[in-house]
Amino acid sequence: MDYKKFQENLDKWIEIYEGLDEDTRFEKKKKATPKQVEKAEEELGCVLPEQLRNFFLEFSSHLYIFSNLPDELELPEGLEEVFSASFLLSLDEVVNAETSRKDWAKTCFSDVNNEYDRIWHGKLGIMTVANGDIIALDMEKENPSVVYLSHDDGEGHGAVLGTDFFSYLNAIAEVGFCGNEDWQMLPFMEDMTSGINPDCENAKNYRACVR
């Protein structure tokens, strides 16, 4: 993972969003210590996948971005659903997301023979979504992909947001840390399996409009 490039993208987008929204929020805490990671792993009952663990140990233990796009900003056709930048990734958030995923899987999506329910299983929640959905890692893969889990039959249920965690991080940084509801990310995806594409036309149009 090229964290220098990731930081450059992060700095660029924060400057852009602060110019658009005076209430833009940004927090980046120092790197996690091995003990902090191990404590989270104890709470989770599993070892974090290598790329996620690397992010916390080598970049930040807590990264938070939130900014609303101004109402007067007109985005081109295909981007009407994009209204914010929103990203939160921390050790605490992983624990919260995985707790929520387990609750959903146990109480509402327990039938592993049901195609919709099955997607909720074999995952590790890493981020919660304001609408109750979860962004997760597919733990059934050696190098886990990033997958969207919808609790209310959302269009993005099961969508692969990144073929691995680093691919997702790089792509989300290139498209401006778009809001994490599925309808804000789907415009930047050309299909349900290839992940967010920072070189797609919608991504280019978004960058042209907000910069």
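Residues numbered from 1 in each chain as written. Predicted model: local features only at pLDDT ≥ 70, side-chain atom pairs only at ≥ 80, totals over all residues. Heavy atoms only, no water.

**Quick look at the layout of surface pockets**
This is how the line gets drawn: Cavity means a closed set of points on a 1 Å grid over the protein atoms alone, one where a 1.4 Å probe fits but cannot get out, pocket means an open set with protein on both sides within 12 Å along at least 5 of 7 lines, and lining means a residue has an atom within 4 Å of a point. Grid points are joined across faces, edges and corners, and a volume is the space filled by probe spheres set on the points. What counts as a helix is a DSSP run of H or I of at least four residues, what counts as a strand is a run of E of at least two, and both are numbered from the N terminus. Gly falls in the polar group here, along with every residue not listed as nonpolar (Ala, Val, Leu, Ile, Met, Phe, Trp, Tyr, Cys, Pro) or charged (Asp, Glu, Lys, Arg).
When its volume is computed, the largest pocket comes out at roughly 250 Å³. In this structure, the largest pocket is lined by Lys29, Lys35, Gln36, Lys39, Ala40, Glu43, Ser61, His62, Ser90, Leu91, Asp92 and Val95. Elements supplying a minimum of two residues to the lining of the largest pocket: α2 (34-44) and α4 (91-107). The element best represented in the lining of the largest pocket is α2, accounting for 5 residues. Looking at side-chain class alone, the lining of the largest pocket contains 3 nonpolar, 4 polar and 5 charged residues. In this structure, the second largest pocket encloses a volume near 180 Å³. Those elements that provide at least two residues to the lining of the second largest pocket are β2 (62-68), β3 (84-90) and β4 (123-128). Examining the composition of the lining of the second largest pocket, we find that 3 residues originate from one element, β3, more than from any other.

**Section: the sheet that holds strand β1 (residues 25-28)**
What counts is decided by this rule: Strand pairing follows a simple DSSP-based rule, namely that at least 2 bridges must link the two strands. Axis lines are fitted to C-alpha atoms, over the contacting stretch for helices. Their N-to-C directions set the angle, which ranges from 0 to 180 degrees. Throughout, a contact is declared for two residues whenever any of their heavy atoms are within 4.5 Å.
In space, the 3 strands of this open sheet follow the order β1-β2-β3, with antiparallel pairing throughout. What marks the edges here is a single partner per strand, and that holds for β1 and β3. Between one strand axis and the next, the sheet turns by 10° as a mean value, whatever way the strands run. Taken together, the 4 bridges between β1 and β2 define a ladder with antiparallel strand orientation. Paired with arginine 25 across the strands is phenylalanine 66, a residue of β2. This element, helix α1 (residues 3-20), spans β1, β2 and β3 of the sheet and lies at about 30° to β2.

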